[in-house]
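# Structure assessment
So the chains spell out like this:
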Amino acid sequence: MDLRLSAEHEMLRNGLDEFLASRYPLERSRTAAKTGAGWQPDVWRAFAEDLDILGAALPERVGGSGGGPLEIMVIAESLGRALVVEPYVDTAVVAAGLLLRAGGAVATEVVERIVAGTAIVALAAAEDEAGDRWQDVTSTARLDGDDWVLSGRKTMSIGAPIATHLLVTARTDDGVSLFLVDVAAVRQGLDRHDVRTVDDRRAADLVLADLRLPRDALLGEQGRAWPSLAQARDEGAAAVCAEAVGAMRRVVADTVAYAKQRRQFGQPIAGFQALQHRMVDMYMELEQSAAAVYLAMLTLDADPEARARAVSAAKATIGRAARFVGQNAVQLHGGMGMTEELSIGHYFKRLTAVQYEYGTTDHHVARYARLTRR
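Computed from a prediction, not measured in an experiment: that's the story for all the values here.

### Notes on the overall build of the chain
Within the chain, the regular secondary structure consists of 11 helices and 10 strands. Taken over the C-alpha atoms alone, the chain extends approximately 80 × 50 × 40 Å along its principal axes. Taking all 374 residues of the chain together, 54% fall into the buried category. A sequence separation of at least 24 residues applies to 73% of the contacts in the chain between residues at least 6 apart. Roughly 16,400 Å² of accessible area belongs to the chain as shown, and the carbon and sulfur atoms make up 51% of that amount. Side chains of the chain carry 42 positive and 50 negative charges; the gap between the two charge centres is 5 Å.

Here you go:
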């Protein structure tokens, strides 16, 4: 497999890296993440207006550039390397994909707003008792005159506190359906408990208490949302895996640089053979992860079983590698590795969180095993 990027992809990566180096220093981004709304709206606008990355993988008919999975991989890896907390994957990959597949004027308008940087869309699909089984939906939706009435609870909706729109799953008479919620139009029936995650992202638990939505809030065909949701979950999993590769590249580079500077017994610790072997093992885990992500991205447009198998292989590989690279980086830095002053502690937290996004490592290991036994 040729893992080299095309000239166009190299230009995309280099331009984004240069922007993030000048506009997204770690100290400022961590301060923004821990205070106020927890994000930088000016950076999000720049993603749309200056870099055009929010629509890079979306079709031209909605204002995008007509790219695809490889554009997502390049962008997500650069964002992961800079530890960006703005919800690119959740909005421009997962939500935009769901909206495009649903179709219709309302969905198309929201996608166009995503591309323009004026809409942030969060998916509310997880429920406490369902765990990794997004298809086990207990939230309900029923028609009452011209309105849909939604009831239930959703947990850990990433990006919900800053979202302009929510995509909510609910069970109708004939299966799982997907609904679009315009947050600004909601007057009652939606309660939100905001939290800051371990990796400094914003999320919320939601309570739907007879939330009334217009009839056109239903996206796609009633009761037929699960195939699109399953695809969106795989797309999100592949994209956060690419983010993790970017984060691990930074962690490995910083660890090697630190080992060359830190001296013990009169010489840099990078000269100790045992530590050299450990850093080589970290690098090997990183490169295996990069290859697995590349394969998953190239398989996103394949049939559902092949896509699921490749994505689960990548997520399982990333889960193992993120833990190994993160833990060894902290150990090689010593006690300083977990302090707020060094970047390594922040990357460790992100690599830990990635292991649970869009399906846990255990979930994807089990799914891969199930699919390969057939």
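### What to know about the pairing of strand β2 (residues 140-144)
Summarising the sheet, β2 and strand β3 (residues 147-158) pair through five bridges and their orientation is antiparallel. Bridging from a neighbouring strand, L143 pairs with W148 of β3. The hairpin formed by β2 and β3 contains two residues between the paired strands, and G145 there has a positive phi angle of roughly 65°.

### As for the side chain of S29
Along the chain, S29 falls in helix α2 (residues 26-34). Exposure remark for S29: the relative accessible area of 1% places this residue in the buried category. In this view, S29 contacts Y24 and Q40; residues no more than four positions away in its chain are not counted.

### Some words on the packing of aromatic side chains
What the rule picks out here adds up to four aromatic pairs. Taken together, F19, W44 and F47 form an aromatic cluster joined through their ring pairs. Over the ring of W134 we find R233; its NZ or CZ atom is 4.5 Å from the centre of that ring.

### With respect to the nonpolar core
Judged by nonpolar contacts, the single largest core of 117 residues is most densely connected at F47, L150 and L167. A total of 15 residues in this core trace back to one element, the largest contributor, which is helix α7 (residues 226-261).

### Regarding the environment of T164
Among the secondary structure elements, T164 is positioned in the loop between β3 and β4 (165-172). Setting aside its immediate chain neighbours within four residues, T164 contacts T118, A119, I120, V181, D182, V183 and A184. Looking at T164, its side chain comes within polar contact range of the side chain of H165, at 2.8 Å.

### Remarks on helix α6 (residues 105-116)
At 3.6 residues per turn, the α-helix brings residues three or four places apart onto the same side. Taking 1.5 Å of rise per residue, 12 residues should cover 16 Å, and α6 covers 17 Å from first to last C-alpha, within 8% of that figure. The complete set of buried residues in α6 reads A107, V110, V111, I114 and V115. The buried residues of α6 all sit within an arc of 145° when viewed along its axis, so they share a single face. Considering only its buried residues, α6 is in contact with α3 (41-49), α5 (88-102), β1 (121-124), β4, β5 (175-182) and β8 (218-219). Taken from the residues just after α6, G117 is the one with a positive phi, measuring 85°.

### Structural notes on the pairing of β4
Of all eight residues making up β4, seven are buried, and the element is well covered by its neighbours. Judged from the four bridges that link them, β1 and β4 form a sheet pairing that is parallel. By the bridge assignment, A124 is partnered in β4 with V168. Of the pairings in the sheet, the one linking β4 to β5 comprises eight bridges and is antiparallel in character. By the bridge assignment, L167 is partnered in β5 with L180.

### As for the side chain of R350
Here R350 shows up in helix α10 (residues 343-354). For R350, the side chain forms a polar contact with the side chain of E357, separated by 2.7 Å. Those residues within four positions of R350 in sequence are excluded, and the remaining contacts are L83, D199, R201, V240, E243 and E357.

### What to know about the packing of α7 against helix α8 (residues 273-298)
To characterise two packed helices, one gives the angle between the axes of the helices and the distance between these axes. Running from amino to carboxyl end, α7 crosses α8 at an angle of 160°, the nearest separation of the two axes being 9 Å. When the interaxial angle is binned, α7 and α8 end up roughly antiparallel. By crossing handedness, the relation of α7 to α8 is classed as left-handed. Touching A238, A239, C241, A242, V245, M248, R249, V252, T255, V256 and A259 of α7 are M279, M282, L286, E287, S289, A290, V293, A296 and M297, all from α8. For the contact of α7 with α8, a count of residues per class yields 16 nonpolar, two polar and two charged.

### Structural notes on α7
For α7, which comprises 36 residues, the first-to-last C-alpha distance of 52 Å matches the rise-based estimate of 52 Å (1.5 Å per residue) to within 8%. For α7, the buried fraction is high: 26 of the 36 residues fall into the buried class.

### With respect to the packing of helix α4 (residues 69-82) against α8
Packing of α4 against α8 leaves a shortest axis separation of 8 Å and a crossing angle of 145°. The way α4 lies across α8 gives a crossing that is right-handed. When α4 is examined against α8, the residues P69, L70, I72 and M73 are found in contact with a partner set consisting of V293, Y294, M297 and L298. For the contact of α4 with α8, the per-class residue count stands at eight nonpolar, no polar and no charged.

What counts as what
- Residues numbered from 1 in each chain as written.
- Predicted model: local features only at pLDDT ≥ 70, side-chain atom pairs only at ≥ 80, totals over all residues.
- Heavy atoms only, no water.
- Helix = DSSP H or I, 4+ residues; strand = E, 2+ residues; numbered from the N terminus.
- Buried < 20%, exposed > 50% of the residue type's maximum accessible area, 1.4 Å probe, protein only.
- Contact = heavy atoms within 4.5 Å.
- Areas by Shrake-Rupley, 256 points an atom, 1.4 Å probe, with all protein chains shown as cover.
- Lys, Arg positive; Asp, Glu negative; His and termini not counted.
- Charge placed at Lys NZ, Arg CZ, Asp CG, Glu CD.
- Pairing = 2+ DSSP bridges.
- Phe/Tyr/Trp six-rings, centres within 6.5 Å; stacked < 30°, edge-to-face > 60°.
- Lys NZ or Arg CZ within 6 Å of the ring centre and 35° of its normal.
- Core = buried A, V, L, I, M, F, W, Y, C linked by side-chain atoms within 4.5 Å.
- Polar contact = N/O pair within 3.5 Å; in protein donor to acceptor, adjacent residues only side chain to side chain.
- Expected span 1.5 Å × (residues − 1).
- Arc of directions from axis to C-beta.
- Axes fitted to C-alpha atoms, helices over the stretch in contact; angles between N-to-C directions.
- Parallel < 35°, antiparallel > 145°, perpendicular 65-115°, else oblique.
- Left-handed = near helix turned anticlockwise from the far one by under 90°.
- Nonpolar A, V, L, I, M, F, W, Y, C, P; charged D, E, K, R; others polar.

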